[in-house]
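Examination of the molecular architecture
The residues making up each chain are set out below.
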Amino acid sequence: MTRFTTGGDALAESLIAQGVDTIFGIPGVQLDAACDALYYRKSQIHYICARNEQAVTYMADGYARSSGREGVGMVVPGPGVLNALAGLATAYSTNSRVLLICGQVDKCQIGKGDGVLHELPDQTGIIARLCKWHALAENAEDIPGLVAEAFRQLRSGRPRPVVLEIPPDVLAAPIPADLAIPPYVEPMPVQPDADVLKQAAERIAKAERPLIYAGGGVRAAGASGELTALAHLLGAPVVVTENGRGDIDADDPLAFDQVVFRKLRETADLIIAVGSRFVGSFGGELNVNDVPYICINADEADLTGPRHPEIAVYADAKPALAGLITLLGPDGLDYQPGDRAAEIAAARDWSDKTLAQLDPQREYLNVIGRVLGKDGVFVSEYTQIGYAAAICMPRHSPETYIGPGYEGTLGFGFATSLGVQAAAPDRRVVSVNGDGGFSWTMQELSTMRRFGLAVATVVFNDGYYGNVRRIQNGNYGGRVFSSDLTDPDYMKLAEAFGIAHARVFDPEELGRELEKALASRTPTLIEVPVANFPSPWNLVHEGIPTPPALPPHADRVPRE
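The text that follows walks through the structure, step by step, so that each part is easy to find. (Residues numbered from 1 in each chain as written. Predicted model: local features only at pLDDT ≥ 70, side-chain atom pairs only at ≥ 80, totals over all residues. Heavy atoms only, no water.)

Below, the discussion takes up the sheet that holds strand S7 (residues 210–214). Taken in spatial order, the six strands line up as S9-S8-S7-S10-S11-S12 in an open sheet, and their pairing is parallel. Strands with a single pairing partner mark the edges of an open sheet, and in this sheet they are strand S9 (255–257) and strand S12 (311–314). Each adjacent strand pair in this sheet contributes to an overall mean axis angle of 20°, direction not counted. Contacting strand S10 (270–274), strand S11 (293–297) and S12, helix H8 (residues 194–205) runs over the sheet at an angle of about 135° to S12. (Pairing = 2+ DSSP bridges. Helix = DSSP H or I, 4+ residues; strand = E, 2+ residues; numbered from the N terminus. Axes fitted to C-alpha atoms, helices over the stretch in contact; angles between N-to-C directions. Contact = heavy atoms within 4.5 Å.)

With that settled, the discussion passes to the environment of glycine 68. By the element assignment, glycine 68 lies in the loop between helix H3 (53–67) and strand S3 (71–75). Sequence-wise, glycine 68 and alanine 423 are 355 residues apart; in three dimensions their C-alpha atoms are separated by 9.7 Å.

The final tally for this structure, using the stated rule, is 14 aromatic pairs. Here the aromatic rings of phenylalanine 378 and tyrosine 401 are separated by 5.8 Å at their centres, their planes lie at 20°, and the arrangement is stacked. Of this pair, phenylalanine 378 sits in strand S13 (residues 377–379) while tyrosine 401 is found in strand S14 (residues 401–402), placing the two residues 23 residues apart along the sequence. Note on accessibility: phenylalanine 378 and tyrosine 401 belong to one class, buried. Joined through ring pairs, the aromatic side chains of Tyr213, Phe261, Phe278 and Tyr293 make up one cluster. (Phe/Tyr/Trp six-rings, centres within 6.5 Å; stacked < 30°, edge-to-face > 60°. Buried < 20%, exposed > 50% of the residue type's maximum accessible area, 1.4 Å probe, protein only.)

Before going further, it helps to examine the packing of H3 against helix H4 (residues 79–93). Between two packed helices, both the angle of their axes relative to each other and the distance between the axes serve to describe the pair. Two elements in contact, H3 and H4, have axes separated by 6 Å at closest approach and are oriented at 30°. Accordingly, the angle class assigned to the pair H3 and H4 is roughly parallel. As H3 packs across H4, the resulting crossing turns out to be right-handed. Contacts between H3 and H4 pair Glu53, Gln54, Thr57, Tyr58, Asp61 and Arg65 from the former with Pro79, Gly80, Asn83, Ala84, Ala86, Gly87, Leu88, Thr90 and Ala91 from the latter. In the contact of H3 with H4, the residues fall into six nonpolar, six polar and three charged. (Parallel < 35°, antiparallel > 145°, perpendicular 65-115°, else oblique. Left-handed = near helix turned anticlockwise from the far one by under 90°. Nonpolar A, V, L, I, M, F, W, Y, C, P; charged D, E, K, R; others polar.)

The subject of this paragraph is unusual backbone geometry. For residues that are not glycine, phi is negative in most cases, and the peptide bond is trans in most cases. Omega for the peptide link from glycine 305 to proline 306 comes to 15°, which places this bond in the cis form. At histidine 118, a position not held by glycine, the phi torsion is positive, near 70°. Within the secondary structure, histidine 118 is located in the loop between strand S4 (98–103) and helix H5 (123–128). Overall, histidine 118 belongs to the partly exposed group, its relative accessible area being 24%. Phi at serine 482 takes a positive value of approximately 55°, unusual for a residue other than glycine. For serine 482, the location among the structural elements is in the loop between helix H19 (466–475) and helix H20 (490–496).

Of all the five residues making up S7, five are buried; the element is thus mostly covered by neighbouring parts of the structure. In S7, alternate side chains face the same way, and those of Pro210, Ile212 and Ala214 on one face and Leu211 and Tyr213 on the other are all buried. In this sheet, S10 lies alongside S7 in parallel orientation, the contact comprising five bridges. By the bridge assignment, alanine 214 is partnered in S10 with valine 274.

Read across the sheet, six strands follow the order S14-S13-S15-S16-S18-S17 without closing on themselves; strand pairing throughout is parallel. Both edges of this open sheet fall to S14 and strand S17 (500–503), since each of them pairs with a single strand only. Alignment of S13 against S14, held across two bridges, turns out to be parallel. Bridging from a neighbouring strand, phenylalanine 378 pairs with tyrosine 401 of S14.

The following block contains the structure:
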């Protein structure tokens, strides 16, 4: 039986009306009325209980970015909110459609400083700086309208997280039996100005060697098909950013990794940047080699300085790209691409030789990619394998590569992968971690086991915060400080949680164990003891010197 008597019921019904079928959270006293409402709707909303609120927002982020649907988390106020903020900041940096519902103290006590349970000074102000939109529900009958507005914000403009605070007395308050629940909010993409788009098309028509630079806004807008079609219409190579991996199939002859931008900008005469912040990796203006460029973005802030576009198109990627295809196609300006085979072949050769610097990491990544297949999801992490994956992990469709974005939150990966798996239980999902980052959320092995989330979790274990130690050795004369770790026996840890496990020592063994894990649909933890990997930073960040080559198999640890 479904009841409809409290603010908690209004919240649950409003979420159901917006298509929500999964919530990640941890119950607590300020959420009791909401959790009781969810109890009556267990057949409609699946509630996945985490072991730390940090994992709640990571899971919601993984759910959202891998599925194209909104991810929803729910936490108590105070410490629950503070724990959830790292995941909220990551969702903000990666343009992720996450709704965080959080408790408050009773409405009459907000801002009083009485020291009631879980009270924070200005919780609202803390949250408001890390999201696109925020609201506080002051009355139970306001909840349906605020939920609808939250989803309007999520489904329009630049996608970023939103937050709704609801005090416990508001959740428990009675509501009218005939309280109206707003219907599903349809997406409202930003449409391009017709005259500006026409100017962009006319400018592109004059270019002989256009280059496309594609970011996460293409994925967020569901514009992969339009991007690929425009690229082939123009005969233009496409460079994808980390957040845009999979915007175009990596097997497409026009698809290139971001590092190849350094080569392609030498011959391009126009750059079309779509769905990207289009800034350097340390901020500031991107080095475009004085090539003029057009920017297309759903956020007006990303169309101005430090960028200096020749034409700025304020629009979502999908309608903008579709419009350009029409304007430049046979019934419009009828763009005729020139022969760029030699240019593209030279860029491909440069890419192969340049990325060979990462061959130990690429060996592992190629194995993982083969096992995942084209539709499996790779969840990266701030670790040695993850750094390389950001610039050389082939992905073939949108929503199959999940990275930490510019926030660079160490430890985000494992918990995020659980949200990916919850969104599609039958999908192949691999989470790649270092032993440093994995320690942030490894208690979520409990969540993985409890809810049968069949992620193949790989921990590359070198016993250090590897990048910190590399910097200390290279830049500080080997004065290593607090970068060594005391790790658990990962096989015993997995056994304690009742999770399948294996320890492997090379890419071939990893491939076999991944195949076994993903075929069995069993939650699995795989440890890979490693030593040294070559630094990827000269490829991730332009201007950093090329590191000396390591001896063959310097990454390998002798088998025990």
